[in-house]
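# Structural features, examined
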Amino acid sequence: MAYRRTPAVQARLDAQAGLIVQAATKVLSRAGYAGLSMAAVAAEAGLATGTVYKNFSGKADLVSAVFRKVVAHEVTAVATAAATGTAVERVSAAVETFAGRALKNPKLAYVLLVEPVDAVVDAERLHFRRAFAEAFESAVADGVSRGELPAQDARTSAAALVGAIGEVLVGPLADAPHSESVVPEVIRFALRALGARDESHSGVSDADA
């Protein structure tokens with residue numbers, strides 16, 4: 001007869017795995033992917049290294065779990081920010097949330113966006129980019145349907161925006177993580193790329209662009 005875990009045992013194991021993922025997120029935020037080791041995560045979590053391996057098969061497996069947790073949280077934030085308003089307001093809010101949150105934790109964002117990682121983690125990164133693109137796609141499609149944006153393929157435009165924003169953030173994240181001009185400039189770029197006028201974006205006008 002196969003052993004079945006009781007709810008209490010499963011809850012304890014889930015809590016332990018959650019603690020390890022939280023510790024790994026902290027290590028990534030300090031040292032990046034290259035600097036993360038199972039031993040470093042164990043030390044951060046106050047656990048034996050063997051316990052970390054009991055929950056995750058290795059570094060790639062653990063970081064993939066971090067990606068899934070962090071990305072879900074970030075995508076929710078972006079989607080919520082872009083849920084209402086005109087096309088300009090929704091796109092501006094999505095860009096500001098995406099880029100602004102990345103700049104608040106540059107090392108972790110660098111891992112999520114561009115740092116060389118194992119193939120299995122890179123697959124999670126692809127899901128991450130697609131999820132963000134979907135948040136932009138909804139705003140673009142709605143803007144086109146309302147006549148606020150010129151006709152265009154919303155999916156293509158959204159994917160292009162996510163790629164462009166990520167590329168722009170590579171430099172600031174690595175070299176000048178607290179540059180105050182980055183987010184407004186990226187918002188202006190996004191609106192121009194979509195063919196929108198940006199007068200309705202608070203604090204930004206065509207004369208400023």
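A short tour of the structure in this document, coming up. (Residues numbered from 1 in each chain as written. Predicted model: local features only at pLDDT ≥ 70, side-chain atom pairs only at ≥ 80, totals over all residues. Heavy atoms only, no water.)

When you go through the protein residue by residue, the secondary structure sums to nine helices and zero strands. For the protein, the α and β elements follow one another from N to C terminus as α-α-α-α-α-α-α-α-α. Scored against the burial criterion, the 209 residues of the protein give a buried share of 42%. Within the protein, contacts between residues at least 6 apart in sequence are counted, and of these 65% link residues at least 24 apart. Taken as a whole, the protein presents about 10,600 Å² of accessible surface, with 55% of it coming from carbon and sulfur. (Helix = DSSP H or I, 4+ residues; strand = E, 2+ residues; numbered from the N terminus. Buried < 20%, exposed > 50% of the residue type's maximum accessible area, 1.4 Å probe, protein only. Contact = heavy atoms within 4.5 Å. Areas by Shrake-Rupley, 256 points an atom, 1.4 Å probe, with all protein chains shown as cover.)

For the rest of this paragraph, the subject is the environment of K107. Topologically, K107 is positioned in helix α6 (residues 106-113). K107 gets classed as partly exposed once you look at its relative accessible area, which sits at 36%. Separated by 77 residues in the primary sequence, K107 and R30 have C-alpha atoms spaced 6.6 Å apart. Apart from the residues lying within four places of it in its own chain, the contact partners of K107 are L28, S29, R30, A31 and G32.

A word on the packing of aromatic side chains. The final tally for this structure, using the stated rule, is three aromatic pairs. Relative to F132, the ring of F128 has its centre 4.9 Å away and its plane inclined at 90°; by these criteria the two rings are edge-to-face. Remark: F132 and F128 occur in helix α7 (residues 119-145); sequence separation between them is four residues, near one turn of the helix. Like F132, F128 is buried. These aromatic residues form a ring-pair network of at least three members: F98, F128, F132 and F136. Lying over the aromatic face of Y33, K59 brings its terminal NZ or CZ to 4.3 Å of the ring centre. (Phe/Tyr/Trp six-rings, centres within 6.5 Å; stacked < 30°, edge-to-face > 60°. Lys NZ or Arg CZ within 6 Å of the ring centre and 35° of its normal.)

Read these as geometric descriptors, not functional statements.
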